[in-house]
Every structure is written in C-alpha cells, then in structure tokens.
Amino acid sequence: MTLLEACQYGEKQLEAAGVPEAKLNAWLLLEHVSGCTRSHYYAYPKEMLSEEVQKNYLEVLKLRGRRIPLQYITGVQEFMGHSFLVNDQVLIPRQDTELLVEEGLKYLRPGMHFLDLCTGSGCILLSLLLGCPEAIGIGSDISLEALKTAEQNRERMDTKTVLVESDLFDKIEGIFDLIISNPPYIPSQEILGLMDEVRNYEPVCALDGHEDGLYFYRRIAKESPSYLKAGGRLYLEIGYDQGAGVSQLLKEQGFCDVEVKKDLAGLDRVVKGTYPGYCGIGMEE
Ligand code: GLN
C-alpha cells in the first residue's frame, strides 16, 4: 500500500468505527509508525510502505478503531510545548489545563515552594518547573502507577522534584506559597455520558469527583490552609459549571480575593484564592 492509500484506507476504517476526526487520526497514526513527515507525504504520496510499517499501521488502526485514545497508542501528548509520556494510568493532559499553568507561572518566583496535588503525568508540576526553574515544586498522587509515569517525565525533562504517594495531603509535609491542582471533578453519574475514549480508557479515579463533582474541592479547600503560608495561593482547575460552587468553598474556608478565570472557549476553568493567614481564619471577604 502507498502512503496515500494508507491514509485513505485508515480514514475509512476509523470513520466506520465512529472515531472523531478520522482523517487526522489516520495521518497521525501513519506518522507514528512510519516517521514520515507531512512534506515527505505530499512530495511522495505513491511511496510504498515497507511490510513492517504496513503491519504496524494496520495494528494501530485496529486499536484506535476500538476507541483507545490516540495518545495512549502513540504514548505522548504535547502540553505547554513539552512532550509528555502518557499511558492508561494517567489522564491525558488537556489543552484547557494550560490556563492553570499559565496562572501559576504568573505568580511563581524563584525560591517559592509549590505543591501539585493529583499530579498524574506530572504535566502541571513539570511545566511549572520548566517555566520557573528556580521554584521548588513537589507533586503528589494517590496512584503509584501515575507517579511512575510522572517520574519518567521528570527524568525526560531533566527537572528536580519530589513525588509523593499520598491521598491529597495525607503524606504531605511542609508549607507552600502555592498549592495547585486539577483534581477529578466529573460528577459520578456523568461519567457514563462521556466519549468512549474517556469513559472506557482514561483512569476513572482521575475523572470521578463523586456525587456532585465537588468532593475533592471540599477536601482541598478545607485542608490547604494548614499547608499555605500567610498570603499563599490556591489555584484549582474546575469544570465549566463549578465556578460558583468552588468559589463558595474557598470563601467558607477564609480565602480572599477569590477569582474565576475563563479559558479560551470563554468557559469558567480556574478558581484562584489567597489565604490571608492566621488572622484571616473564618473571616468572610
Ligand atoms: N494533574 C493531572 C492533569 O491535569 C491529572 C489530573 C487528574 O488526574 N485529575 O493532567
């Protein structure tokens, strides 16, 4: 089969399997197995695939046809301009989450300490460290398998950090300038309605925010004051309809300057708050 035929065949197969953006997916899988660039493809569309490449291509098309996410097949996802290793033990980093990192980078300064809860692949933690190399960051996750992936990414990006297996703050020691997190936030009953790729293959413990989706925000809002310096910040990614709920939780715990930030699609995406310190405990804004 030629490069052109491979793309056309792949598109048809994936379309039949209901894969969104079948043409793009077919191309990305062909690129993954062959190493062929776009310009090479356009210059030599009639070039034949080697037997091995063709075999591998048919294999990955089958996997994608089963709605396994593209990134779990290629093993990588770009985030903040860096290439992160991913597998089915970690959530695939989303572009939406870049807003959380950008907000973090606006605040972080050399020498500051920060904590990334539910670090998963480490995409938030490591992007912050790459953006502000003089900051000191640690990451935690309840999943040991996720931490193994974060560790591989740490090595790959040649960054210094500590990764802790911990149920939120359980095993965390220290006091931070910034606590940042993209915790699981999908209400349990909405998980069945998600795309096949997410529902069937992404780790449910990275998605499930229990009954109303706010379970982890409640715990983080309540516990983080014990781990924040006076004037320290709490930055959280949220679902589009959780801005008011999460802001309220932060205010109830004495956070001030609570602010909701919108993503590029104009949807609420990040909640930021400042912990005023001991004199502020229980104070309303
Ligand atoms: N912090 C990771 C991310 O944003 C994982 C988030 C999660 O598991 N909910 O990709």
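Our subject is the structure listed above.
Residues numbered from 1 in each chain as written. Predicted model: local features only at pLDDT ≥ 70, side-chain atom pairs only at ≥ 80, totals over all residues. Heavy atoms only, no water.

Trainee: Kindly report on the overall build of the protein, identifying the contributing residues and their values.
Mentor: Helix and strand content of the protein: 11 helices and 9 strands. Considering only C-alpha atoms, the protein reaches an extent of 70 × 40 × 30 Å along its principal axes. Per-residue burial over the protein gives 49% buried out of 285 residues. Considering only residue pairs separated by 6 or more positions, the protein has 65% of its internal contacts joining residues 24 or more positions apart. Total accessible area on the protein stands at roughly 14,000 Å², and carbon and sulfur atoms take up 52% of it. (Helix = DSSP H or I, 4+ residues; strand = E, 2+ residues; numbered from the N terminus. Buried < 20%, exposed > 50% of the residue type's maximum accessible area, 1.4 Å probe, protein only. Contact = heavy atoms within 4.5 Å. Areas by Shrake-Rupley, 256 points an atom, 1.4 Å probe, with all protein chains shown as cover.)

Trainee: Tell me about the packing of aromatic side chains, and please be specific about residues and values.
Mentor: A full pass over the atoms with the stated rule returns 8 aromatic pairs. Ring centres of Tyr107 and Tyr235 lie 6.2 Å apart, and the angle between their planes is 50°; on these two criteria the pair is classed as tilted. Within this pair, whereas Tyr107 is found in helix H6 (residues 98-107), its partner Tyr235 is found in strand E7 (residues 228-237), the two being separated by 128 residues in sequence. Tyr235 sits in the buried class, given a relative accessible area of 1%. For the ring pair Tyr185 and Tyr217, a centre distance of 6.4 Å and an interplane angle of 25° mean the geometry is stacked. With Tyr185 in the loop between strand E6 (176-181) and helix H9 (196-201) and Tyr217 in helix H10 (residues 215-223), the pair connects residues that are 32 residues apart, well separated along the chain. The same class applies to Tyr185 as to Tyr217, namely buried. (Phe/Tyr/Trp six-rings, centres within 6.5 Å; stacked < 30°, edge-to-face > 60°.)

Trainee: An account of the sheet that holds strand E5 (residues 162-165) is needed here, citing residue identities and associated values.
Mentor: Reading across the sheet, the 7 strands line up as E5-E4-E3-E6-E7-E9-E8 and stay open at both edges, with mixed pairing between neighbours. Each edge of the open sheet carries a strand with a single partner, namely E5 and strand E8 (256-262). Strand-to-strand twist across the sheet, computed as the mean angle between neighbouring axes with direction ignored, equals 15°. Sheet strands in contact with H6 are E6, E7, E8 and strand E9 (268-275), and its direction is about 160° off that of E7. The strands touched by helix H7 (residues 123-131) within the sheet are strand E3 (113-117), strand E4 (136-141), E5 and E6, with E3 carrying the most contacts at an inclination of about 155°. (Pairing = 2+ DSSP bridges. Axes fitted to C-alpha atoms, helices over the stretch in contact; angles between N-to-C directions.)

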